[in-house]
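Chain and residue survey
Here are the chains, one letter per residue:
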Amino acid sequence: MLTELSIKDFAIIDKVTITFKEGLTVLTGETGAGKSIIIDAIQLLSGSRGSVEFVRHGTKKADIEGLFTVENSHPVFSKAEEFGIDISEDGMVVLQRTITNQGKSICRVNGKLVTLAILKEFGRSLIDIHSQHETQSLMDPERHIELLDLYAHRKLKDTKDEYTKQYEQLLTLKKRYNELNENEQEMAQRLDLLEFQLRELQEAELMPNEDEELSEERKKLMNFEKVYQGIHDAYNSLYGEQRGLDWLSHAMSSLESAAGYDEQTSKLSEELNNHYYMVEEISFQLSSQLTEMEFDPERLNFIESRLDELNRLKKKYGQTVERMMEYASEIEEEIDEIKNKDSHLNRLETQMKDAGADAVLEAKHLHEIRAKAAVQLSESIHEELKDLYLEKAAFDVGFSYKEGNSSDPELDGQPIRLNKRGMDFITFLITTNPGEPLKEIHKTASGGELSRIMLALKRIFSKHQGVTSVIFDEVDTGVSGRVAQAIGEKIHGISEGSQVLCISHLPQVAAMADTHIRIEKEVKNDRTSTLVYELSEEDKADEISRMISGAEMTATTIEHARELLTLAEKHKQK
């Protein structure tokens with residue numbers, strides 16, 4: 001859940017810190033007081049695009065910081081692991097966003113600088129914001145398959161993973177087929193280039209690890225004098241004037257003469273004998289190495305020239321000799337494909353047909369799972385719509401497919417166009433008037449109906465999304481009376497599974513709040529500021545009374561407000 005939000009120098013907000021609680025928090029206040037500005041700030045934390053217009057006039061930057069607390073099983077932990085961000089055992093995640101008056105945006109997650117794209121990844125897993133605009137977005141047919149797949153995520157996962165693998169394999173084969181089937185002039189040019197590259201690599205006569213071995217030999221030759229002097233001095237210390245081996249031999253004889261009288265001395269004598277012969281062997285090797293050592297400037301020149309050649313080739317064909325050799329093998333295969341194009345095209349056609357058949361099989365399986373999920377989703381939405389006084393509405397999930405061309409795989413003898421989600425094109429259909437045909441949601445529903453349909457969908461999908469905070473920004477526009485009461489109850493129902501923050505002008509919704517926050521605008525020293533404070537139980541009644549009557553409260557509106565609060569409390573206790 002969003003535990004605390006701090007905003008500084010943002011729009012008309014000077015400085016404000018809001019502590020949020022579990023359940024349903026309703027934010028109310030006059031139009032223009034700054035309610036939506038707070039939601040804008042939260043949207044920026046979730047990765048939305050910023051603007052220099054958000055920076056309070058006369059200040060250098062706007063700062064927004066949100067503290068979230070999550071359980072150990074929350075998906076945000078896998079995001080943190082993916083991007084190398086630490087989350088403490090208490091599950092605290094801090095999102096920060098700074099926008100300067102120069103238009104620059106600085107993002108942090110738990111103190112670590114991140115890109116806006118990464119901040120967006122974290123924001124999406126923690127916050128789900130719905131505004132009047134978002135209601136329209138939810139009605140976009142392009143998003144309907146995403147919503148259905150979210151609803152059936154667990155049942156779809158394995159099949160979806162398998163389909164993705166088959167589909168990507170099909171795309172790879174198609175790409176190779178199209179490349180090989182390009183026009184003759186392009187293929188001839190490609191062949192010339194590949195043959196030149198292969199010839200250059202073959203003439204280089206590359207050997208595995210050649211560059212590393214040559215670099216090591218160059219290092220030795222460039223330090224020849226140091227190496228020679230070191231070996232020479234070591235050998236003289238053992239066999240030269242100082243004759244270190246003679247002294248070891250003398251020590252060995254001395255111990256041998258005493259070894260027969262003491263067991264410990266005998267052991268030391270035996271150890272010294274072993275070491276003496278090892279040192280003697282080393283001295284022989286040093287002598288041999290001195291004899292063989294000879295500085296060859298021509299060899300050094302050859303190595304320098306060869307390494308220069310290898311480095312030149314690396315810039316063109318790979319960072320290592322092994323990678324260049326792999327590349328030579330790859331272009332050799334491609335040359336063979338081009339020269340024997342027809343046979344390779346026939347082979348690719350066969351592979352595409354097999355891969356297409358496998359992909360269609362998995363796509364059919366996906367369709368079957370979605371079809372069953374669609375029935376369950378429709379039943380669930382009907383139940384939700386009944387609660388929102390749309391009991392006569394009919395909802396269904398429409399499935400369609402797009403016809404493919406001759407190069408596409410076939411389903412029941414007809415070519416079908418596949419995409420990354422399978423073969424299904426899905427549209428949510430509804431009619432709110434009995435006797436009228438089902439139509440696409442965005443072509444049928446009114447503003448108030450859209451709000452209720454969106455809320456019904458949100459009530460269902462919020463169980464599957466796993467976000468910690470759901471935010472509604474005036475999604476109850478266009479409704480009143482008993483429908484407003486039903487919407488308030490439905491929004492509170494969502495808050496039972498995750499924290500909900502809601503901006504509303506409806507007293508019925510405000511009455512359902514577990515926490516009620518009022519937003520006010522204050523003008524002080526010719527500057528406008530936003531004030532935020534949590535209402536007590538008595539203040540709640542006064543605020544709801546103002547929402548009912550407008551600017552002036554009466555005994556009747558106060559009584560009505562208290563009645564709404566009482567009814568709301570009874571509903572919560574059910």
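Residues numbered from 1 in each chain as written. Predicted model: local features only at pLDDT ≥ 70, side-chain atom pairs only at ≥ 80, totals over all residues. Heavy atoms only, no water.

**Structural notes on unusual backbone geometry**
One non-glycine residue, Asn-110, lies in positive phi territory at about 50°. You will see that Asn-209, though not glycine, has its phi angle at about 60°, which is positive. Position of Asn-209 among the secondary structure elements: in the loop between α7 (184-203) and α8 (210-222). Judged by its relative accessible area of 34%, Asn-209 is partly exposed. (Helix = DSSP H or I, 4+ residues; strand = E, 2+ residues; numbered from the N terminus. Buried < 20%, exposed > 50% of the residue type's maximum accessible area, 1.4 Å probe, protein only.)

**Quick look at the environment of Glu-334**
Note on placement: Glu-334 falls in helix α13 (residues 321-339). Under the relative-accessibility criterion, Glu-334 is labelled buried at 18%. In sequence terms Glu-334 and Asp-90 are 244 residues apart; their C-alpha atoms lie 55 Å from each other. Residue contacts for Glu-334: discarding those within four places in its chain leaves Arg-176, Arg-190 and Leu-194. (Contact = heavy atoms within 4.5 Å.)

**Considerations on the pairing of strand β3 (residues 24-28)**
Of all 5 residues that make up β3, 5 are buried, and the element is covered over most of its length. Of the strand pairs in this sheet, β3 and strand β15 (residues 499-503) are connected by 4 bridges, and their pairing is parallel. Paired with Val-26 across the two strands is Cys-502, which belongs to β15. With 4 bridges joining them, β3 and strand β16 (residues 515-524) adopt parallel strand pairing. Residue pairing for β16: Thr-25 is matched across the bridge by Thr-515. (Pairing = 2+ DSSP bridges.)

**Section: the sheet that holds strand β7 (residues 112-114)**
Pairing within the open sheet is antiparallel, and its 6 strands lie in the order β2-β1-β4-β5-β6-β7. Looking at the sheet topology across the chains shown, the edges are occupied by β2 (13-19) and β7. Sheet twist, expressed as the mean angle between neighbouring strand axes with direction ignored, is 15°. Relative to the sheet, helix α1 (residues 35-45) contacts β1 (2-10), β2, β4 (61-69) and β5 (92-100), its axis offset from that of β1 by approximately 105°. In the packing of helix α3 (residues 116-126) onto the sheet, contacts are made with β4, β5, β6 (105-109) and β7, and the angle to β5 comes to roughly 135°. (Axes fitted to C-alpha atoms, helices over the stretch in contact; angles between N-to-C directions.)

**Description of the environment of Ala-373**
The residue Ala-373 is located in helix α14 (residues 341-387) in this model. The exposure class assigned to Ala-373 is buried, which follows from its relative accessible area of 5%. Along the backbone, Ala-373 and Ala-258 are 115 residues apart, and their C-alpha atoms lie at a distance of 94 Å. The contact partners of Ala-373, leaving out residues within four places of it in the chain, are Leu-148, Tyr-151 and Ala-152.

**What about the nonpolar core?**
Leu-377, Leu-418, Phe-428, Phe-472 and Ile-491 are the most contacted members of the largest nonpolar core, which has 94 residues in total. When residues of this core are assigned to their parent elements, the largest contribution, 14 residues, is made by α14. Ignoring anything within four residues of it in the chain, the contact list for Leu-418 reads Tyr-163, Tyr-167, Leu-170, Ala-359, Val-360, Ala-363, Pro-409 and Met-423. Membership of the second largest hydrophobic core comes to 44 residues, among which are Val-16, Ile-39, Val-76 and Ile-129. (Core = buried A, V, L, I, M, F, W, Y, C linked by side-chain atoms within 4.5 Å.)

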